[in-house]
Amino acid sequence: LSGIGYLESFANRCENDYYKNLAKTEIDSIIDSLYFEAKRKNTFEAWQSYQLSVPNGAYRDSEEKKFAVDKRWSTESCAWSTATTLNTIYAYNCYLKYYPKGKHKYLADKKIIDLEVSKAFASEHGKLPRMNKVSKGLGSVSKIKIYNNTNYTLTLLYSGIESKRLNVEPKSIGILKIKNGTYRVVASVRTSNVQNYAGTEQLTGGYYDVEYYIS
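Cut-off values and rules
Throughout, a residue's number is its position along its own chain's written sequence, starting from 1. Given that the model is predicted, a residue must reach a pLDDT of at least 70 before its local features are reported, and side-chain atom pairs must reach 80 or more before they are shown or counted; all residues, however, enter totals for whole chains, interfaces and linings. Side-chain calculation: all heavy atoms of the structure are included, whereas hydrogens and water are not. Only the contacting stretch of a helix is used when fitting its axis, a line to C-alpha atoms as for every element, and angles between N-to-C directions run 0 to 180 degrees. Numbering of helices and strands starts at the N terminus; helices are DSSP runs of H or I of at least 4 residues and strands are runs of E of at least 2. When an angle is under 35 degrees it counts as roughly parallel; over 145 it counts as roughly antiparallel; between 65 and 115 it counts as roughly perpendicular; any other value is oblique. Each crossing gets its handedness from the near helix: less than a right angle anticlockwise from the far helix is left-handed, clockwise is right-handed. A contact between two residues is defined here by any heavy atoms of the two lying within 4.5 Å. Under the scheme applied, nonpolar residues are Ala, Val, Leu, Ile, Met, Phe, Trp, Tyr, Cys and Pro; charged residues are Asp, Glu, Lys and Arg; polar residues are all the others, including Gly. Site definitions follow a grid-based scheme: protein atoms alone, a 1 Å grid, a 1.4 Å probe that fits but cannot get out for cavities, and for pockets an open set with protein on both sides within 12 Å along at least five of seven lines, plus lining residues having an atom within 4 Å of a point. Grid points are joined across faces, edges and corners, and a volume is the space filled by probe spheres set on the points. Any carboxyl oxygen of Asp or Glu within 4 Å of a side-chain nitrogen of Lys or Arg constitutes a salt bridge here. Residue burial is assigned from relative accessible area. The probe radius is 1.4 Å, only protein chains are included, and a residue is buried under 20% of its type maximum, exposed over 50%, and partly exposed in between. One bridge is not enough; two strands pair if DSSP finds at least two bridges between them.

### A closer look at the packing of helix α2 (residues 17–41) against helix α3 (residues 44–53)
- Across the interface, α2 lies against α3 with an axial gap of 8 Å and an inter-helix angle of 165°. As far as their axial angle goes, α3 and α2 are roughly antiparallel. In terms of crossing hand, the pair formed by α2 and α3 is left-handed. Residues I31, L34, Y35, A38, K39 and K41 of α2 lie in contact with α3, whose contacting residues are A46, W47, Y50 and S53.
- Considered class by class, the residues forming the contact of α2 with α3 number seven nonpolar, one polar and two charged.

As structure tokens, this is what we get:
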């Protein structure tokens, strides 16, 4: 048997240091040969193939080399076409990386939020706390006061007619102004033992408030 995956498994389980080191040496040799083959070809496909063949920790400078020869991002129009074709968070972030002031910046930001919200809805999540409408309004915009009564920075994503991201510091209040309409909402904090919360809200104008806490 051969291959990086098998050799890594062998090295992790082998108790004999001599054979463990032989396996690690062979892994390094394979990675080196794959790297120099990608460097010889120096195409986007070659560097992508290299990354698919080795562990993440062995990427070296392949990410930079891959994008250096990737013509899909050479102009803003090509970059936007590539991002919309791939339609991934990573692709839209690439567009913003290369063209931070590009004419599609607002739409790229919106697409990223929409995709992040879809991802959260598709995974396990808790039930979003309901907002309270504290006063009516006749305008086309709703104003939401968010109370973050957790010990973590709270991130809120609103996906709908327009899409917005709001970060609220621990034990603080955040204010969000957003156009009226139906929104998918995701709330999250950066800690592994608290799941995301998701749900839908119908905003009809006026003032709302909502409290987030961890029980």
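Right, picking up where we left off after that structure.
### A look at the layout of surface pockets
- Empty space within the largest pocket amounts to approximately 300 Å³.
- Sorting the residues of the lining of the largest pocket by element identifies β7 (181–189) and β9 (206–212) as the ones contributing at least two each.
- Of all the elements, β7 adds the most residues to the lining of the largest pocket, at three residues.
- Of the residues belonging to the lining of the largest pocket, the class tally is nine nonpolar, six polar and one charged.
- Here the second largest pocket is characterised by a volume of approximately 190 Å³.
- Forming the boundary of the second largest pocket are I89, E116, K119, A120, S123, L157, V186, S188 and N196.

### Overview of the pattern of salt bridges
- Under the counting rule described, the total for this entry stands at ten salt bridges.
- The partner of D32 in a salt bridge is R60, with the nearest N and O atoms 2.3 Å apart. Here D32, found in helix α2, pairs with R60, found in the loop between α3 and α4 (62–68); they are 28 residues apart in sequence, far enough to count as distant.
- A relative accessible area of 43% places R60 in the partly exposed class.
- Residue E116 is joined to R165 by a salt bridge in which the shortest nitrogen-to-oxygen separation is 3.0 Å. Placement of E116 in helix α7 (residues 105–122) and of R165 in strand β5 (residues 164–168) is noted, with a sequence separation of 49 residues between them.
- Under the relative-accessibility criterion, E116 is labelled partly exposed at 24%.
- The class of R165 is partly exposed, set by a relative accessible area of 40%.
- One salt-bridge network, in which partners are shared between bridges, spans E37, R40 and K41.

### Quick notes on the packing of helix α1 (residues 4–13) against α2
- Between α1 and α2, whose axes approach to 9 Å, the crossing angle comes to 155°. The orientation of α1 relative to α2 falls into the category roughly antiparallel. Like other packed secondary-structure pairs, α1 and α2 cross with a definite hand, here left-handed. Two secondary-structure elements touch here, α1 through I4, L7, E8, F10, A11 and N12 and α2 through Y19, K20, A23, K24, E26, I27, I30, I31 and L34.

### A look at the pairing of β7
- As paired elements, strand β4 (residues 154–159) and β7 share six bridges and run antiparallel to each other. Each residue of the ladder has a partner; that of L157, found in β7, is V186.
- Where β7 lies against strand β8 (residues 197–203), seven bridges are found, and the strand directions are antiparallel. Bridging from a neighbouring strand, R184 pairs with T200 of β8.

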